[in-house]
Structures are given as structure tokens and as C-alpha cells.
Amino acid sequence: MLAHPTPGRPLIPLAPILSASSFRRAHNAPVRTVLDAGEVRLVTSGRVAIALALRELGVQAGERVLVPAYHSASMVPPVLWRGAEPVFYRVCADAAVDLEDLAEKMTPGVRAVMVTHYFGFPQDLAPVRALCDARGVALIEDCAHCFIGERDGRPVGAWGDYAIASSMKFLPIYEGGALVSARHSLNKVVLRSAGAGFELKVALNSLERGFAYGRLPAVRAALRLPLRAKSAVWGLLKKRRGGGAAPMLAPDSSDSSFNFDPNWLDKRSSLFARAMLKLAAPGRIAALRRRHYARLEAAVRDLPGVRPLHPRLPDGACPWVFPLLADDPDALFARLKTRGVPLTRFGTPPWPGVDASTCANSARLATHVLALPCHQELTEVEMSWLAASLREAVTA
Ligand SMILES: *Cc1c(COP(=O)(O)O)cnc(C)c1O
């Protein structure tokens, strides 16, 4: 994913890219992450962690797994991989779990329920946990949007039988996910290295993305030769394998597809990603993301036709993005794109067959919520430009 600058417009990355912002340890206030919730296995993606959680639970063919109607399509293939049937439950207008619908759908044969902390806002999981305990159903806490955060004195991930995380959404890394459990041993989850080719590719891709956005100029100069060497090595590897059927060097999750490849189940996250996790300063990341979120919220506060999905950012929450509800989302999306504002939508496309008749709120959220970046790598200049461009696009 290389970026092409337009003159006069800052080049703003949608997701965290490598710069110094994630790592400076000064101002690293004590915050807790999903990795603090229990025993941890670092894998290559969130969807692999979901598959491992389902395998650990012994979910089998013929059983059912409850998945939110508002979801990433990447959450479903691991369920199908177990031979189980996904059943979609409803969410409320603000994306909170619709407890009544969840209780109704917990029929015999349902083994597990996945709950997502959308956009980094921790759900109230006490009632969901109680319902799961009463019905003998396992809870998988999806922290893909919520790597950092706590609620009611517990780190995110502490309520679930298993929790899963997608480190790529919070850190400038090319692959990474986590399986976490506060309640069960992960002794049986044994991981091994995916090989030297994978290690090299991950490290160099992360650096290259940083360079593409003009970060890390000093490192770039130092690495000019190694990066050229990388292309040469790639060519050689391909030739040695006879061109065709080269093995996948990175999981699908790194290419923004929704596929799930079971070959990655037992693979450990790269050395590069694990080193980044060790070096990262979550307190600083959370503080910057909260500050950027507040900036965008202030930019649209008095404007007609838009409002933040949540009226306020709760203490202890670390936003993944700034979710903005728009009355006329398609027109606003187009105006923002024209201006070069990076943005995305969540929950679209849904898994085939899931639509407004499954859950009207999910369908509305998937179309009406526009997600703007608020990650830690954004600079002062970029934030000012983002806030101004957002105001302009809304009032145009
Ligand atoms: C991205 C995402 C996942 C899967 O994470 P990957 O690391 O991309 O496999 C799971 N759940 C939600 C809600 C997501 O947004």
C-alpha cells in the first residue's frame, strides 16, 4: 500500500504507521491493555485468535455460534472452519448488545457468543457474562477495536472465556493478533515460527509503510540499501520456487481481505511485531488517540447533519477511530474522499444473508457511521487539516 502525495495536501495514513509516536515512554500513563487480562498467545491476526478460541472451546460441527449482526466479515470464516453455524444477534442503535435478542437466540446447541467492543468503546459485559453463565454458553470477547482500555476496574478481555485482539489496528505492524484468557489455561496452544521469509517481509513492510508517509527519514536513509536488497532477495526466492505457487508469506489479514487460512493457526507473530508490542507505550498511545478523538469531536460539535456515535468518550476507553453518524453518509463520504480525507466504514459488506431484516440497527450503523482516523501517529499539522477538512466537507 504505497501512498501518492497530492501537492498542497498532507498525506495522512488511515492506520498507524511506523514513527516515533507509539514508543516514546515519557508520558506513558499507566493504562491496561487486553494483554493484561490473562494468559496470552501472540498470533498473526485477530481471526486466527477467534479460530483458536473456538478450537479451545471444542466447538464442533452442528453447533451454533452467536455473532453480532454488526460485524467484520472476517469474524465468520473461523466459525465455518469448525463446521459450526453462525447465528446473528441484534445490536441496539448505539451498537450495544441487544440483550433481549441475545437471550432469545441462546437456544440449546449454541456453544459460544462473540461480543465486540466497537470502535474502542468497552461494552457493558456484566449482564452478558451473567446470561452466558446461566445458559452454559462461552463468551468470546472481541477486542479487535479495543486493544487498550478498561471498564469497571477490569482491563478489556477480562470478562470473556477467551478474548481476541488485532494488534495491527493499534500498532504500526504488518501482522499481529492475540488470544487471551483470564479463565482458561492456554497450555495446549503451541505456536511455532512461520519462517525467515515471513520475519523479513514483516519487518521490511512495516518500515516501508513508514517511509511512504514520510515518517522516519533518518531510518530511511540508513536502510536504503537493505530495502533494495529486499527486492533482489524476493526475485531470487521466486525464481528458486519456479515462479508459480509460492507459499503465502503473510496472512490474508495483512491484505485487508476477510479470508481465513488455517495454515496460520499455529504460527507465532513475527519477531518484529512482538518487539513492537514490547516497546510500545500504551499510555501514550491512549492519550494521543483520546486527544485526537476530542479534536474531531470538537470540529463537528455544532454542525447539522452529523454527530458522534457516542455522546462522550468514557474514561478508560481508547478509540480505534472516530465514529461519526451522518444523516446523508454517501454524499459526505464522497465529499471527504474528494478532499483526500482518509476514512473507512465498519460492518460493510456484512456476511452474505445478513441485512436490515436481520437487524435494522446494524444495517443503519454500517451505512451511516463514517470512521475517521485518530491514531497516535497523526501529527499536529495533520490533525488541524483533518479537523478543518471535516468541517468543510460537512458544511459544503
Ligand atoms: C479486524 C477485526 C477482526 C479480525 O482481525 P484481523 O486481525 O483482521 O484478523 C475481528 N473482529 C473485528 C470487530 C474486527 O474489526
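Here we summarise the structure given alongside this text. Fair warning: this is a prediction, and the values are worked out from it, not measured in the lab.

1. What about the packing of aromatic side chains?
Going through the model one piece at a time under the given rule, you end up with 12 aromatic pairs. Ring centres 5.2 Å apart and planes at 80 degrees place the aromatic pair tyrosine 70 and phenylalanine 346 in the edge-to-face group. In this pair, tyrosine 70 sits in the loop between strand 2 (64–68) and helix 2 (77–81) while phenylalanine 346 sits in the loop between helix 9 (329–339) and helix 10 (360–368), placing the two residues 276 residues apart along the sequence. Across this residue pair, the class does not change: tyrosine 70 and phenylalanine 346 are buried. Geometrically, the ring pair formed by phenylalanine 119 and tryptophan 320 is stacked, given 6.3 Å between the ring centres and 10 degrees between the ring planes.

2. Here we look at the layout of surface pockets
The calculated volume of the second largest pocket comes to roughly 340 Å³. In terms of lining residues, the second largest pocket is bounded by 18 residues, among which Ala96, Pro122, Gln123, Asp124 and Arg151 are the most central. Among the elements of the structure, helix 4 (126–135) and strand 6 (150–151) are those that each provide at least two residues to the lining of the second largest pocket. Looking at the lining of the second largest pocket, its residues break down into 11 nonpolar, two polar and five charged.

3. Quick notes on helix 1 (residues 46–56)
Taken across its 11 residues, helix 1 has 10 buried, putting it largely inside the fold. Just past helix 1, the residue glycine 58 takes up positive phi, approximately 75 degrees.

4. Regarding the packing of helix 9 against helix 11 (residues 380–395)
The contact between helix 9 and helix 11 brings their axes to 9 Å, and the two run at 135 degrees. Judged by the angle between their axes, helix 9 and helix 11 are oblique. At the point where helix 9 passes helix 11, the crossing takes the right-handed sense. Listed contacts from helix 11 to Leu332, Arg335, Leu336 and Arg339 of helix 9 are Trp385, Ser389, Leu390, Glu392, Ala393 and Val394.

5. Overview of the packing of helix 8 (residues 282–300) against helix 11
Running from amino to carboxyl end, helix 8 crosses helix 11 at an angle of 25 degrees, the nearest separation of the two axes being 9 Å. Our classification of the angle between helix 8 and helix 11 gives roughly parallel. With respect to the hand of their crossing, helix 8 and helix 11 are arranged in right-handed fashion. Residues Arg291, His292, Arg295, Leu296, Ala298, Ala299 and Val300 of helix 8 lie in contact with helix 11, whose contacting residues are Glu380, Met383, Ser384, Leu386, Ala387, Leu390 and Arg391. Here the contact of helix 8 with helix 11 is built from residues that sort into eight nonpolar, two polar and four charged.

6. Overview of the site of the ligand
Lining the immediate surroundings of the ligand are 15 residues, of which Gly46, Arg47, Asp142, Ser166 and Lys169 lie closest. With respect to the ligand, the side chain of aspartate 142 contributes an N or O atom lying 2.8 Å from a nitrogen atom. Between the ligand and serine 166 there is a distance of 2.7 Å, counted from an oxygen atom to a side-chain nitrogen or oxygen. In the complex, 95% of the free accessible area of the ligand, which totals 380 Å², lies under the protein chains. Its residues assigned to classes, the shell around the ligand shows four nonpolar, eight polar and three charged.

Procedures and definitions
- Residues numbered from 1 in each chain as written.
- Predicted model: local features only at pLDDT ≥ 70, side-chain atom pairs only at ≥ 80, totals over all residues.
- Heavy atoms only, no water.
- Phe/Tyr/Trp six-rings, centres within 6.5 Å; stacked < 30°, edge-to-face > 60°.
- Helix = DSSP H or I, 4+ residues; strand = E, 2+ residues; numbered from the N terminus.
- Buried < 20%, exposed > 50% of the residue type's maximum accessible area, 1.4 Å probe, protein only.
- 1 Å grid on protein atoms, 1.4 Å probe; cavity = no way out; pocket = protein on both sides within 12 Å on 5 of 7 lines; lining within 4 Å.
- Points joined across faces, edges and corners; volume = space filled by probe spheres on them.
- Nonpolar A, V, L, I, M, F, W, Y, C, P; charged D, E, K, R; others polar.
- Axes fitted to C-alpha atoms, helices over the stretch in contact; angles between N-to-C directions.
- Parallel < 35°, antiparallel > 145°, perpendicular 65-115°, else oblique.
- Left-handed = near helix turned anticlockwise from the far one by under 90°.
- Contact = heavy atoms within 4.5 Å.
- Near = heavy atom within 4 Å.
- Polar contact = N/O pair within 3.5 Å; in protein donor to acceptor, adjacent residues only side chain to side chain.
- Areas by Shrake-Rupley, 256 points an atom, 1.4 Å probe, with all protein chains shown as cover.

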